Each structure stands twice: as C-alpha cells, then as structure tokens.
Amino acid sequence: MSIDYFKHRYGYEVEGMWMPRVTAITSLISRPFFAGSYRSAEWGNKVHYAVEKILKEEMHEAEKEIEPTLRVFEQWRKEYTVRIISPKEDIECKVYDFENGYAGTVDMVAEVQGTRGIVDLKTGNAIRDEHSLQTAAYLNAYNKGVQKKLQAKTRWILRIDQYEECKGCLAKRSMKSGKERISGGNEWCNHQWSYAKGETEFVELEGKEEDFQAFLAAKEVWEWYHRAFLRKVANYPKNVMQKVLI
Ligand SMILES: [Zn+2]
C-alpha cells in the first residue's frame, strides 16, 4: 500500500493536517468480532443518499428496492417529532477533533422530541457494540466545533432495515443489492415470501464518557497497528499520537 493510498483509505485532510476517520478506527473492533457478518456497503450508501435527499427536501426518485426502508424512516420522523434545524449544516456533517486527532461524518444532528442529539443511521440487521464508540467520537467532535447552544446532548442509533417473511415457517429473507440472506424458520420449508416489510429500531446510547475513553483506546491500538505508515505521514498531528508512536 502506498502512503497516498493509506491516507485516502483511512482518513481526511483538514486544514493541512491528515486525520483518521472514526470508522477506520472502530472497524478494528468490528472486523474480527463480527467476521462473516452480513453487511452491504452498497445498500447502506443507497439508503443514506435517499435519506439525505428526503431531509433536505431535494428532488430525488428513490429506487424501488429501498422503499420499505424509506417508509419506516418517514414513520420514525413523525412518531418522534424529529426536527432538523438547519438541513445544510446538520446532515452529513463533517466533524473534527484536532486535539485527539480524528475526523468523521455525522449522519444527522436532530431534535428528537425536543432534545438535540446525534443520530447515526444503520442499515444492517443489528446494532453493534462498535456503534457506541463511533457515536461517542462523533458527539465529542461535533460539540467541540459548535457554539454551546447548538451542542448535542445525546446520541441515538436509528436502525432501519427491511425483510421478507415466509408465510409458512416465518423465516426472514433479506435481499440487498442482489445478495440473499435467510435466517430462522425451517430449512426444509418451501418458503413463500411476503412483500418486503420495513423494521425500525431507535436506541439512545448511555455512557458517552466511558465509550469515548474506549474509542481513544481503540485509536491507540489502531495507531499501533498502522505505525509503519503513520510514521511516514508527515502531516499527521504528532502531538496527538498516542504513546506507542512517540
Ligand atoms: Zn418457510
């Protein structure tokens, strides 16, 4: 891997400094732990793109295959009286923490039933532990970059997904970007699939301090793992390099 490719793959340049992306760091935790788990980046990108268009009230024709997911997204917005104060700034919002040396993109900053917080959108079949670290890092970086009255008080995960259900054995089938995954039910059943139904999970995460400390620890491990590259990245803020690199 060349240094340029490394920098492009794992981070951003902000004001002349290169900083790793939050998700590059947290993927260290997810990868070994959830080896073999099913996720589709293509699907996730489609849903994120459509949601961004909806929230910004921009014209966009959503692809048919993600409609059940978008429908539950709309239901969630109504049910929780979700308000985006400033769609331009509060959606796909880039955040940085120069002091701790990392960067990231927040899906949305929203007022949910009157409380301002960070909402991270997930399109997989479960909420994972790594999401706690990711959102703690976002919350911390976001709050460093805004005035006190705009600060986010909390963080939530909004998981929106869709599946078909077998009318006979209740197995679930997920079809994402052409990839099929069947779970539960009876493997001998000659499945009769329903139309795709959307499902929502909306969770407020507790313990942001403890999660943020764990994120910094993960970052230290990440830096150790990539030490050979990081030593060659001239504009990596050395002051934030954790112990292993100094
Ligand atoms: Zn069946």
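Residues numbered from 1 in each chain as written. Predicted model: local features only at pLDDT ≥ 70, side-chain atom pairs only at ≥ 80, totals over all residues. Heavy atoms only, no water.

Here we come to the environment of Gly 104. The topology assignment puts Gly 104 in strand 5 (residues 102–112). Judged by relative accessible area, which is 1%, Gly 104 ranks as buried. Considered as a pair, Gly 104 and Cys 93 are 11 residues apart in the sequence and their alpha carbons are 8.3 Å apart. With near-sequence residues (within four places) excluded, Gly 104 lies in contact with Tyr 12, Val 22, Cys 93, Lys 94, Val 95 and Tyr 138. (Helix = DSSP H or I, 4+ residues; strand = E, 2+ residues; numbered from the N terminus. Buried < 20%, exposed > 50% of the residue type's maximum accessible area, 1.4 Å probe, protein only. Contact = heavy atoms within 4.5 Å.)

To continue, consider the coordination of the zinc ion. Only Cys 166 (SG), Cys 169 (SG), Cys 189 (SG) and His 191 (ND1) from the protein reach the zinc ion as donors, at distances of 2.1 to 2.4 Å. Of note is the zinc ion, whose 4 donor atoms meet at the metal with angles of 99 to 114° in an arrangement that counts as tetrahedral. All donors of the zinc ion belong to a single chain; written as a sequence motif, their spacing is C-x2-C-x19-C-x1-H. Of this pair, Cys 169 sits in the loop between strand 7 (154–165) and strand 8 (172–176) while Cys 189 is found in the loop between strand 9 (179–183) and strand 10 (197–204), placing the two residues 20 residues apart along the sequence. (Donors = N, O, S within 2.8 Å, 3.2 Å for Na, K, Ca; no water. Tetrahedral: all angles 85-135°; square planar, octahedral: opposite > 155°, others 65-115°.)

Turning to the packing of aromatic side chains, a few remarks are in order. One pass over the structure, following the stated rule, counts 14 aromatic pairs. Both rings, one in Tyr 96 and one in Phe 98, keep their centres 6.3 Å apart while their planes meet at 40°; by these two values the pair is tilted. A ring pair is formed by Trp 156 and Phe 202, whose centres lie 5.8 Å apart and whose planes are at 25°; its orientation type is stacked. Here Trp 156, found in strand 7, pairs with Phe 202, found in strand 10; they are 46 residues apart in sequence, far enough to count as distant. For Trp 156, a relative accessible area of 5% puts it in the buried group. Under the relative-accessibility criterion, Phe 202 is labelled buried at 19%. Cluster of aromatic residues (ring-pair linked, three or more members): Phe 6, Tyr 10, Trp 18, Trp 222, Phe 229 and Tyr 236. The lysine or arginine in question, Arg 21, covers the ring of Tyr 12, its NZ or CZ lying 5.1 Å from the ring centre. Residue placement shows Lys 172 over the ring face of Tyr 163; its charged tip is 4.2 Å from the ring centre. (Phe/Tyr/Trp six-rings, centres within 6.5 Å; stacked < 30°, edge-to-face > 60°. Lys NZ or Arg CZ within 6 Å of the ring centre and 35° of its normal.)

Coordinates in, geometry out; function isn't part of it.
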